[in-house]
Amino acid sequence: MKTNIYARRFAVSLILLLALTGCGDLYTDATGQLSFENAETAATLEPLPIPIPTPSPSPTPFPEYDVSLMMVGDNLMHMGLINSGLQENGSYDYSMLYEDISPQLQAADIKIINQETILGGNDLGFSGYPNFNSPTEVGDAIAGAGFNVVLHASNHAADQRLQGLDHCAAFWHEQHPEVMMLGISGVEDLDENGGIVPLSGSAYAGTDSAADWRTDERGIGYMTVKDITFAVLNYTYGPNMETIPSSIMGHLNILCDYDRQSGRLDFTTLNPQVLEDIAAAREQADVVVVCPHWGTEYTTSPSSYQEKFALQMTEAGADLIIGTHPHVVQPVEWIQAENGNRCLCFYSLGNYVSTQKKGICMLEAMAWVTFHVDEQGLSLVEEQSGPLPLVCQYASGPVRFENVCLLQDYTQEQAARHGIRSYGGVTLSLDDLLQWSSSVFGDSAPEGFSPTTGSLRWPDCLGMSQPAVSQ
């Protein structure tokens, strides 16, 4: 195309030259060639415009985004906490238990709490250790705070027997269908063959998005937020008994294997149903989360059975394991299975609220996990995933709840007036809490030396699409 343009320009110049020198006129003959005939006409010819190529449209960039999951540990409702919710008019309100973590609840998409104690029915009366029964108003406060997943598979789930399990399950289904309740099932939740009746609902998620949820015939929960589907599975090692009563079988998700005839538990062997459930969830979900109630109480290191079970669950396809029950925090580690599967495991978050009498029980953790979505797919953001250390504060004389603090904001003045000091010989200091956190979470270990994941700070753990929420 450039050659033709230059030829035309040469021809025009030649015409002008010939016209000026009187060499005659030009005309175009039948073959399309220029000839002399009319120099004035030829002199008016304009060069053809140079075509400008149309630029190719730039590809639309993939809209990358984050999805976050948070979880807190045992909502352990001792009588001091129950009495803390009593109002002047005789009603109960427990919204104060969750006010201090409102920024985290607003920022997260999947929001999980382990409800250690059963909501067995207010007509049964309220009780603490060893056979708990907590007000249903606790459940109202959990839903009101914004949690969209509540776990009930604990060793105290059967404290009020089948009646309590049935009432608790019905309470969540009827009063708060926006919350996905897992771990137990009531009488009405089972069909004529003993299978679990699937349920579904829709919950509020962080950053103004909706989270649709459903449970299947296995009792596995699925929650979809921002087009990412999470499977959440919940089990307990047992119901504070060595043998599962026949009336409880089928109503409580059991982590350990047991004899299907006698109900005798084998605490050293993982229930094969758990591995089957994980495999089934793996087929339907982008992320598989397992929440086991396991481990040895008041021990900051995982037991050999926790480690064995965690490896088996990783091999089966778990992406994330978040444990509860020991009432103290335990390490957070990456587990690598021989088949190539990799899983982030929070062995224990400790309590969320309690009035226990051991100083180390006041150190708790919130699991915070960030997933990133780009055109390559879904990935877990390691530097924005880990434990956020917390401290539960209560007063004495009488024992009453005060607040839950981020350890990063806790002061020695608060530690000095903690109600736990009213118990003979019990001390608590900020230095104690910092040392325990550093020891358990490996904060002081050289980079690359320890397999543990160090603790996070708020709001540094927030992902790219989640603005910090003011305290």
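Since this is a predicted model, take the numbers as computed values, not measurements.

A. Representation of the nonpolar core in the model. If you look at the biggest cluster of nonpolar residues, it comprises 129 residues, and the most contacted ones within it are F230, M313 and W368. The element contributing the most residues to this core is strand β18 (residues 363-374), with eight residues.

B. Focus on the pairing of strand β9 (residues 221-225). Of all five residues making up β9, four are buried, and the element is well covered by its neighbours. Hairpin connection between strand β8 (residues 210-215) and β9: a loop of five residues separates the two successive antiparallel strands, and G219 in this loop has a positive phi of roughly 90°. Alignment of β9 against strand β10 (residues 228-236), held across five bridges, turns out to be antiparallel. Residue pairing in the sheet places V225 in a bridge with I228 of β10. The antiparallel hairpin formed by β9 and β10 contains two residues in its connecting segment, where K226 sits at a positive phi of about 55°.

C. Representation of the pattern of salt bridges. Counted by the stated rule, this structure contains seven salt bridges. In this structure, the salt-bridge partner of K226 is D109, at a minimum N-O distance of 3.5 Å. Of this pair, K226 sits in the loop between β9 and β10 while D109 sits in the loop between α4 (102-107) and β4 (110-114); the two residues are 117 residues apart in sequence, bridging distant segments of the chain. A relative accessible area of 21% places K226 in the partly exposed class. In this structure, R264 and E242 form a salt bridge, with 3.4 Å as the shortest nitrogen-oxygen distance. Of this pair, R264 sits in the loop between β11 (256-258) and β12 (265-270) while E242 sits in the loop between β10 and β11, placing them 22 residues apart in sequence. You can call E242 partly exposed: its relative accessible area is 49%.

D. Expanded view of the sheet that holds strand β7 (residues 199-204). Pairing within the open sheet is mixed, and its eight strands lie in the order β7-β8-β9-β10-β13-β14-β16-β15. A single partner strand is all that each edge strand has here, and the edge strands are β7 and β15 (332-336). Each strand of the sheet is rotated relative to its neighbour by a mean of 20°, with strand direction disregarded. On the sheet, helix α7 (residues 272-284) packs against β8, β9, β10 and β13 (287-293) and is oriented at approximately 170° with respect to β10. Here helix α8 (residues 304-316) sits on the sheet in contact with β13, β14 (320-322), β15 and β16 (342-346), set at roughly 55° to β15.

E. Structural context of the confidence of the model for the protein chain. Model confidence for the protein chain is summarised by a mean pLDDT of 89, while 86% of its residues fall at 70 or above. Counting contacts from residues 1-12, a segment whose pLDDT is below 50, to residues more than four positions away or on other chains yields seven contacts. Within the model, the stretch residues 444-450 combines pLDDT values under 50 with two contacts to residues more than four positions away or in other chains.

F. Quick peek at the packing of helix α5 (residues 136-145) against helix α6 (residues 161-175). It is at 11 Å that the axes of α5 and α6 come closest, and there the two elements cross at 35°. The way α5 lies across α6 gives a crossing that is right-handed. Facing T136, G139, D140 and I142 of α5, the residues of α6 in contact are H167, F171 and W172.

What counts and how
- For every chain, the first residue of the written sequence is number 1, and numbering continues from 1 along that sequence.
- Only residues with pLDDT of 70 or above have their local features reported here, since the model is predicted, and side-chain atom pairs are shown and tallied only from 80 upward, although totals for entire chains, interfaces and linings are computed over all residues.
- Heavy atoms from the whole structure form the basis of all side-chain values; hydrogens and water molecules are not counted.
- Here the nonpolar core consists of buried residues drawn from Ala, Val, Leu, Ile, Met, Phe, Trp, Tyr and Cys, with membership extended through side-chain atoms lying within 4.5 Å.
- For every residue, the accessible area (1.4 Å probe, protein chains only) is compared with the maximum for its type, and the residue is labelled buried under 20%, exposed over 50%, or partly exposed between those bounds.
- Secondary structure elements follow DSSP: runs of H or I of four or more residues count as helices, runs of E of two or more count as strands, with numbering from the N terminus.
- Only strands joined by at least two bridges in the DSSP assignment are considered to pair.
- Salt bridge, as used here, is a side-chain nitrogen of Lys or Arg placed within 4 Å of a carboxyl oxygen of Asp or Glu.
- Note on definitions: angles span 0 to 180 degrees between N-to-C directions of axes, and those axes are lines fitted to C-alpha atoms, for helices only across the stretch in contact.
- Contacts are assigned to residue pairs with any non-hydrogen atoms lying within 4.5 Å of each other.
- A residue's pLDDT is the predictor's confidence in that residue, given on a scale from 0 to 100.
- Here a crossing is called left-handed whenever its near helix is offset anticlockwise from the far helix by less than a right angle, and right-handed whenever the offset is clockwise.

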